[in-house]
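Chain by chain, the residues run as shown.
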Amino acid sequence: MDNSRVAFDRIAETLLSEYSSIYYVDIQTNEYQWYSSDEDYRSISVKPAGSDFFVDVEGDVDNNIHEDDKQLIKDSLTKEKLLDELSRGEVQDIVYRLIIRGKPVYHTLKVIRGMSGESDYFIVCVKNIDKEYREKLEAIENARKLADASRMARRDELTGIRNKNAYKEIEAELDDKLKNGTMDGGVAIVVFDMNDLKIINDTKGHTIGDDYLRKASIMICNTFSHSPVFRTGGDEFVAIVTDDDYIDREYLIAKFKLETIKNGRERSGPVVACGMSECNFDLDEKMSDVFERADKAMYEDKDHLKAMRQRDGFYNMNEDRPPVPDGRKRMLNELFNAIKSVTQERYVYILDIRYDYSRWSTELAKDYHMKDEYNYGAGAIWESHIHPEDMPLYRRALDGIFFDNTGVRQIHYRVCNHDGEYINCYTRGFVMCDEEGEPDFFGGIIVPE
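The written sequence of each chain sets the order in which its residues are numbered from 1. Local features are withheld for residues below a pLDDT of 70 in this predicted model, meaning they are given only at 70 or higher, and side-chain atom pairs are given and counted only at 80 or more; totals for whole chains, interfaces and linings count all residues. The basis for every side-chain value is the complete set of non-hydrogen atoms in the structure, without hydrogens or water.

A. Inspection of the packing of helix α7 (residues 197–204) against helix α8 (residues 206–223) at higher detail. Axis definition: a line fitted to C-alpha atoms, over the contacting stretch in the case of helices. Angles run 0 to 180 degrees between N-to-C directions. Each helix corresponds to a stretch of at least 4 residues labelled H or I by DSSP, and each strand to a stretch of at least 2 residues labelled E; elements are numbered beginning at the N terminus. Running from N to C, α7 and α8 cross one another at 145°; their axes reach a closest spacing of 7 Å. Across from L197, I200, N201 and K204 in α7, the residues of α8 making contact are H206, I208, G209, Y212 and L213. Amino acids outside the nonpolar list (Ala, Val, Leu, Ile, Met, Phe, Trp, Tyr, Cys, Pro) and the charged list (Asp, Glu, Lys, Arg) are all regarded as polar, and Gly is one of them. Residue composition of the contact of α7 with α8, grouped by class: five nonpolar, three polar and one charged. It only takes one pair of heavy atoms within 4.5 Å for two residues to be counted as in contact.

Structure below.
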């Protein structure tokens, strides 16, 4: 090493103007010499010279390298690996943390192979990059925070799907394409609205209501799995349907509606109204035109679902029914007594639609083998007595009361009494709405003919 050291000393003077420290390693003997012109590096426990660089580097790494970077340096500074990578030109700069005066300082390590006469050697160059590297890390972190903030500004915190801000951005992009005639395929908008979220929040609490919202979001995303879905309001969702979902749009809408009806009848999941409209490239000037048609269709579906729920006597809670408040029970009884007093009929009934809780006159309950004067699931109980051939007529008439808002209507059909005989009767039913115009109570009389 003596013959080459003089020459290398001159090289070291030049390299130390750029690097913090360097090693000269004789490849044949493994002898090495360490050089540094920076006093900070005199504080670390590194041998200035030695007979085997690859043995001594193990101890130097344990004493001077950040714990998380030790294995990286040990794996990188083996003779076999350096020779192999240098022969293929694959040696990369290695970034690690060197502990100087008790603090981690970022460095980069670069290995060069040189030959001079009979000498074959490695030059291991170490450079302090702490300032610039920390600035780079800070810039990366700031960029990440900005990206996270931007992403969160477009995400709904409760459901994890995209929010109204994200919808407005995509809507603006589609408006530009629509204006410029650059739409590259069919597009439709589906608007969704959950039924009875307010009632669930009021009767079961917001925790159950939030879970109901999350389940509705999953239900929508699972159906329209190739479309972006957005939560645009408290209980409102929108899907922008393109590509494969656009091709299958009619099937997907039908599938979604069937699932909603099943959820309502079995109380097994969310009841979500939906409406869809396709974009007409020739007539629509902006996507809001498409949205308005879809929104209108959704409200029609919403009314239809409410009519089905009230007609069939089910209430779309996905758990056990909540207890009926005393105030609602008093109101139920007062309305029952009023109907009984005014009509003077034997068979009188009144149903609290919100809680699916009803009262039947004593005679009606007795003659048709009902468990009690007070019952849950009134619609299902009464329909079990109706002649199967008259069921379509009966349900269409109830649709008229609940859905078409036709008020009092007389329904003629056959009903099975306690003797197992079908007798002709008619029902006169009416709906009472709350202050917001929502059906609240359904009452009436049943008269044998």
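Once you've had a look at it, read on.
B. Representation of the sheet that holds strand β11 (residues 272–278). Spatially, five strands are ordered β7-β9-β10-β8-β11 in an open sheet, and the strand pairing comes out mixed. Each of the sheet's edge strands pairs with one partner strand only, and the pair in question is β7 (162–163) and β11. Strands qualify as paired when DSSP identifies two bridges or more between them.

C. Representation of the sheet that holds strand β5 (residues 103–116) within the structure. Strand order in the open sheet formed by six strands is β3-β2-β1-β6-β5-β4, with antiparallel pairing between adjacent strands. This sheet does not close on itself; its edge strands, each paired only once, are β3 (49–50) and β4 (94–100). Bridge count for strand β1 (residues 21–26) against strand β2 (residues 32–36) is five bridges, and the pairing is antiparallel. Bridging from a neighbouring strand, V25 pairs with Y32 of β2. Across the sheet, helix α2 (residues 53–64) is in contact with β1, β2, β3, β4 and β6 (119–128); its angle to β1 comes to roughly 155°. On top of the sheet, helix α4 (residues 79–87) reaches β5 and β6; it is set at about 65° to β5, its chief contact.

D. Just the pairing of strand β10 (residues 236–241), in detail. For every residue, the accessible area obtained with a 1.4 Å probe (protein chains only) is divided by the maximum for its type, and the residue is called buried under 20%, exposed over 50%, and partly exposed between those limits. Counting buried residues along β10, five of its six residues qualify, which places the element largely inside the surrounding structure. As defined by bridge partners, strand β8 (residues 188–194) adjoins β10 across six bridges and the pair is classed as antiparallel. Counted as the bridge partner of D193 is E236 from β10. Pairing of strand β9 (residues 229–231) with β10, which is carried by three bridges, proceeds in the antiparallel orientation. Pairing of V229 across the sheet is with A239, part of β10.

E. Here's a closer look at the pairing of β5. Pairing of β4 with β5 involves seven bridges; the strand directions are antiparallel. Residue pairing for β5: R97 is matched across the bridge by Y106. In this structure, the hairpin formed by β4 and β5 is closed by a connection of two residues, where R101 is found at a positive phi of approximately 50°. The turn joining β5 and β6, which pair antiparallel and follow one another in sequence, is formed by two residues; a positive phi near 65° is taken by G117.

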